[in-house]
Amino acid sequence: MKILSGNQLKEVDKITTETQNISSLELMEKAAGACADWILKNYSNKQAFYVFCGPGNNGGDGLVIARILKSRLYNVTVFITSNIAYSDDFEQNFELWQRISGNTISINNEDEFPNLNFENIVIIDALFGSGINRPIKGLAADLIHYINAAKKEVISIDIPSGLYVDNNATNLHNAIIKSSHTLTLELPKLALILPENKNYSGEMHIISIGLDKNAIEKQESNYEWITEEYFKDFLKKRNRFSHKGDFGHVKIVAGSKGKIGAAILASKASLRIGAGLVTAEIPDCGYVALQSSVPEVMVASNGKNFIKKRIDLNDHFIGVGPGIGTNDETKTEILRLITRTNDPLVIDADALNILAEKKEYWVKIPIYSILTPHPKEWSRWIGNWNNDFEKLDRTIKFAKQYCLYVVIKGAYTVTVTPKGDLFFNSSGNAGMATAGSGDVLTGIIIGLLSQGYTSGKASVIGNYLHGLAGDIAKEKFGERSLIASDIIDNIGNAYESIMNQ
Ligand SMILES: NC(=O)C1=CN([C@@H]2O[C@H](COP(=O)(O)OP(=O)(O)OC[C@H]3O[C@@H](n4cnc5c(N)ncnc54)[C@H](OP(=O)(O)O)[C@@H]3O)[C@@H](O)[C@H]2O)[C@@H](O)CC1
Ligand SMILES: [K+]
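So, how was this worked out
- Residues numbered from 1 in each chain as written.
- Chains lettered and ligands numbered in written order.
- Predicted model: local features only at pLDDT ≥ 70, side-chain atom pairs only at ≥ 80, totals over all residues.
- Heavy atoms only, no water.
- Helix = DSSP H or I, 4+ residues; strand = E, 2+ residues; numbered from the N terminus.
- Rg over C-alpha atoms; globule rule 2.2 N^0.38 Å.
- Buried < 20%, exposed > 50% of the residue type's maximum accessible area, 1.4 Å probe, protein only.
- Contact = heavy atoms within 4.5 Å.
- Lys, Arg positive; Asp, Glu negative; His and termini not counted.
- Charge placed at Lys NZ, Arg CZ, Asp CG, Glu CD.
- Donors = N, O, S within 2.8 Å, 3.2 Å for Na, K, Ca; no water.
- Axes fitted to C-alpha atoms, helices over the stretch in contact; angles between N-to-C directions.
- Parallel < 35°, antiparallel > 145°, perpendicular 65-115°, else oblique.
- Phe/Tyr/Trp six-rings, centres within 6.5 Å; stacked < 30°, edge-to-face > 60°.
- Lys NZ or Arg CZ within 6 Å of the ring centre and 35° of its normal.
- Near = heavy atom within 4 Å.
- Polar contact = N/O pair within 3.5 Å; in protein donor to acceptor, adjacent residues only side chain to side chain.
- Pairing = 2+ DSSP bridges.
- UniProt positions renumbered as here; feature names shortened; annotations may be inferred.
- Domains from an automatic or database assignment.
- Buried area = accessible area lost by both parts, 1.4 Å probe.
- Salt bridge = Lys/Arg side-chain N within 4 Å of Asp/Glu carboxyl O.
- Expected span 1.5 Å × (residues − 1).
- Bend = angle between axes of the 7 residues up to and from the residue.

### Focus: the overall build of the protein chain
Item 1. Looking only at helices and strands, the protein chain has 19 helices and 17 strands in total.
Item 2. Whereas a compact globule of 501 residues would reach a radius of gyration of roughly 23 Å, the protein chain reaches 26 Å, a difference of no more than 12%.
Item 3. With respect to the principal axes defined by its C-alpha atoms, the protein chain has extents near 80 × 50 × 45 Å.
Item 4. Counting across all 501 residues of the protein chain, residues that qualify as buried make up 57%.
Item 5. Within the protein chain, residue pairs in contact and separated by at least 24 positions form 71% of the contacts whose partners lie at least 6 positions apart.
Item 6. For the protein chain, the distance from the average position of its 52 positive side-chain charges to the average position of its 56 negative side-chain charges is 7 Å.

Structure below.
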């Protein structure tokens, strides 16, 4: 699913009204109706809903929601900010709101801000949506501060008011609503999935409103939102005559004294994702632990407490880095490994830290290799960034220059390709921010490469399955108790849930 800019959304909006032969007012009714359904499902009528409406179509959405909630006997008050002009669809919905004697308070100055000190207030933020083109100032900005300061439950319609849909580098960050939930229409907005806006977005819910799919696909965008539909048809099926040799031999180069668990997690994940054979090349100190915890994995020993000998390549698909440490001898072997093969590697954790310091080796990394840093590790490669756009821009340049894939881990892990496309992963949850989760991802991605997926597909599918396995695990253990082994244990369920749909 594409991620679009504000102007592109407007265009799709227009094409949808034409192809479906409906008016923009009808489209608004549909969109806001879907938001109202979500609210009705998630909140009882014991709460008082304060709906803040701006002058454009976002405000129009707010009025439709207010009308639907009122018709279901919810307690609703609408607040309108004074403005020179209101959009046509706003005006028409305001008339409907007045016709049902909806409770309306207009706000012309700061003294008219309502008292928000009641426990049961839920705020619906329909001040501004995808139409803003400059930072919010004046009375509207004061109102946004006031709402944020009240620390109430806030449901934003489409996008937290004040946030631009994509690049917020030039925005003022003190006049943006801090939402609890954002009900975003049809497609995720880039700003909602970038970590820099985490204080505003709250939990994002994508509300389907039936926009024209062809019109969306026709828009040019190098941002893609990855859901199952994107890759379901690429998942390889196994035939009865398959042999383990058909699914490749993975080599996990991992572990050091005290961090053998990383090797265990990565190699087990490779097996669970379907690699035919897995060998863990680890220091001797982990031999017994690995053999007894995953008997299906073969062990090749390297060094006593850390990797220090020539790594055996032997046509394996190699995932390197989890728990290896940055001992000098390990460094030497990792740098040597990079120069000894032309096959794509998955490079993670300390292998990334080792390479970060050796810029002259970057050109030697086999093309189409996959780097899987978390943001801190990645900043060691491209330097600190001022905002997420700068981070993505520099990563695109890097990926193009070295012909590598970069998977930046986070709430919405993004895969940056050598062509400069960005694939944002939609699955996963906060419980996965736990020790060993990244080691599991390394094992998953290299295990997909070994089964014949390209680097791009292995990254995108791997991230999605990793997140989905985590989501299934969350149902069983809850976010707080989820551990990395639970992700591995649910890889099979993740596959099944996609195949059974
Ligand atoms: N996508 C879809 O398919 C659908 C989208 N829908 C909804 O439409 C929303 C987009 O609506 P929109 O285009 O009318 O813009 P919106 O965000 O309400 O704001 C525009 C108003 O704000 C004003 N304004 C702008 N910047 C400002 C500033 N800094 N400070 C102060 N004022 C500022 C601007 O005034 P002007 O720039 O002319 O001065 C204008 O009056 C979208 O988010 C979704 O909720 C659904 O209803 C149907 C399906
Ligand atoms: K809004």
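Following the structure, the description resumes.
### So, the coordination of the potassium ion (ligand 2)
Item 1. Note on the potassium ion (ligand 2): its protein donors are Asn58 (OD1), Asp125 (O), Phe128 (O), Ile157 (O), Ile159 (O) and Ser161 (OG). The metal-donor distances range over 2.6 to 3.0 Å.
Item 2. Counting along the primary sequence, the residues that act as donors to the potassium ion (ligand 2) give the motif N-x66-D-x2-F-x28-I-x1-I-x1-S. Of the two residues, Asn58 sits in helix H3 (residues 57–71) while Phe128 sits in the loop between strand S4 (121–126) and helix H5 (138–150), which places them 70 residues apart along the sequence.
Item 3. On the basis of relative accessibility, which here comes to 7%, the residue Asn58 falls in the buried class.

### Examining the packing of helix H12 (residues 328–340) against helix H13 (residues 349–356)
Item 1. Packing of H12 against H13 leaves a shortest axis separation of 10 Å and a crossing angle of 85 degrees. With respect to each other, H12 and H13 are oriented roughly perpendicular. Listed contacts from H13 to Thr330, Lys331, Ile334, Leu335 and Ile338 of H12 are Ala351, Ile354 and Leu355.

### Overview of unusual backbone geometry
Item 1. Backbone geometry at Ser101 places phi at a positive 55 degrees, although glycine is not the residue there.
Item 2. Of note, the phi angle at Lys151 is positive, near 50 degrees, even though the residue is not glycine.
Item 3. As for its position among the elements, Lys151 is in the loop between H5 and strand S5 (153–157).

### Topic: the packing of aromatic side chains
Item 1. Going through the model one piece at a time under the given rule, you end up with 21 aromatic pairs.
Item 2. Judged by centre distance (5.1 Å) and plane angle (45 degrees), the ring pair of Phe113 and Tyr146 falls under tilted. Note that Phe113 is positioned in the loop between strand S3 (103–107) and S4 and Tyr146 in helix H5, a separation of 33 residues in sequence.
Item 3. By relative accessible area, Phe113 is classed as buried at 11%.
Item 4. Residue Tyr146 is classed as partly exposed on the basis of its relative accessible area of 30%.
Item 5. With a centroid separation of 5.8 Å and an interplanar angle of 85 degrees, the aromatic rings of Trp362 and Tyr402 are classed as edge-to-face. Highlighted residues: Trp362 in the loop between H13 and strand S14 (370–371) and Tyr402 in helix H15 (residues 388–402), separated in sequence by 40 residues. Accessibility assignment for this pair places Trp362 and Tyr402 in one class, buried.
Item 6. Taken together, the aromatic side chains of Trp362, Trp378, Trp381, Phe398 and Tyr402 make up a single cluster linked through ring pairs.
Item 7. Over the ring of Phe247 we find Arg238; its NZ or CZ atom is 3.5 Å from the centre of that ring.

### Quick word on the site of ligand 1
Item 1. Asn58, Asp61, Gly129, Arg134 and Asp158 are the nearest of the 22 residues found near ligand 1.
Item 2. Contacts to ligand 1 include Asn57, whose backbone N or O atom sits 2.9 Å from an oxygen atom.
Item 3. The side chain of Asp61 places a nitrogen or oxygen atom 2.5 Å from an oxygen atom of ligand 1.
Item 4. When contributions to the shell around ligand 1 are tallied by element, the ones reaching two or more residues are helix H1 (6–19), helix H2 (24–42) and H3.

### Quick look at the sheet that holds strand S13 (residues 346–347)
Item 1. The 10 strands are arranged S8-S17-S16-S15-S14-S13-S12-S9-S10-S11 in an open sheet whose pairing can be described as mixed. Because the sheet does not close on itself, it has two edges, and the strands there are strand S8 (223–226) and strand S11 (298–301).
Item 2. In the sheet, strand S10 (residues 277–282) pairs with S11 via 4 bridges, with the strands oriented parallel. Looking at the pairing, Glu281 lines up with Ala300 of S11.

### Regarding the UniProt feature "domain: YjeF C-terminal" (unreviewed entry) in the protein chain
Item 1. Per the UniProt record, "domain: YjeF C-terminal" (unreviewed entry) is annotated on residues 227–498.
Item 2. Segment residues 227–498 splits into 45% helix and 12% strand. End C-alpha atoms: 10 Å apart.

### Considerations on the domain arrangement of the protein chain
Item 1. Domain parsing of the protein chain yields domain 1 (6–221) and domain 2 (231–499).
Item 2. One C-alpha centre belongs to domain 1, the other to domain 2; they are set 40 Å apart.
Item 3. Of the residues lining the interface, 10 residues belong to domain 1; the matching set on domain 2 comes to 7 residues.
Item 4. Across the domain 1 to domain 2 interface the summed buried area is about 790 Å²; carbon plus sulfur atoms make up 68%.
Item 5. The largest contributions to the domain 1 side of the interface with domain 2 come from Ile193, Leu194 and Glu196, which together make up 51% of the buried area.
Item 6. Seen at the junction of domain 1 and domain 2, the total is 0 salt bridges.

### Overview of helix H17 (residues 455–481)
Item 1. With 27 residues, H17 extends only 32 Å from end C-alpha to end C-alpha; this falls clearly short of the ideal 39 Å at 1.5 Å per step.
Item 2. Along its length, H17 shows its largest kink, about 95 degrees, at Glu475.

### Looking at the pattern of salt bridges
Item 1. Under the criterion given, the structure shown has 14 salt bridges.
Item 2. A salt bridge links Asp312 to Lys251, with the shortest nitrogen-to-oxygen separation between them at 3.9 Å. A residue pair is termed long-range when its members are at least 10 positions apart, and Asp312 in the loop between S11 and strand S12 (317–320) and Lys251 in strand S9 (residues 249–253) qualify at 61 residues.
Item 3. Note on Asp312: relative accessible area 38%, which makes it partly exposed.
Item 4. In this structure Lys251 comes out as buried when scored by relative accessible area, which is 0%.
Item 5. Glu357 is the salt-bridge partner of Lys331, the closest N and O atoms lying 3.8 Å from each other. Of this pair, Lys331 sits in helix H12 while Glu357 sits in the loop between H13 and S14; the two residues are 26 residues apart in sequence, bridging distant segments of the chain.

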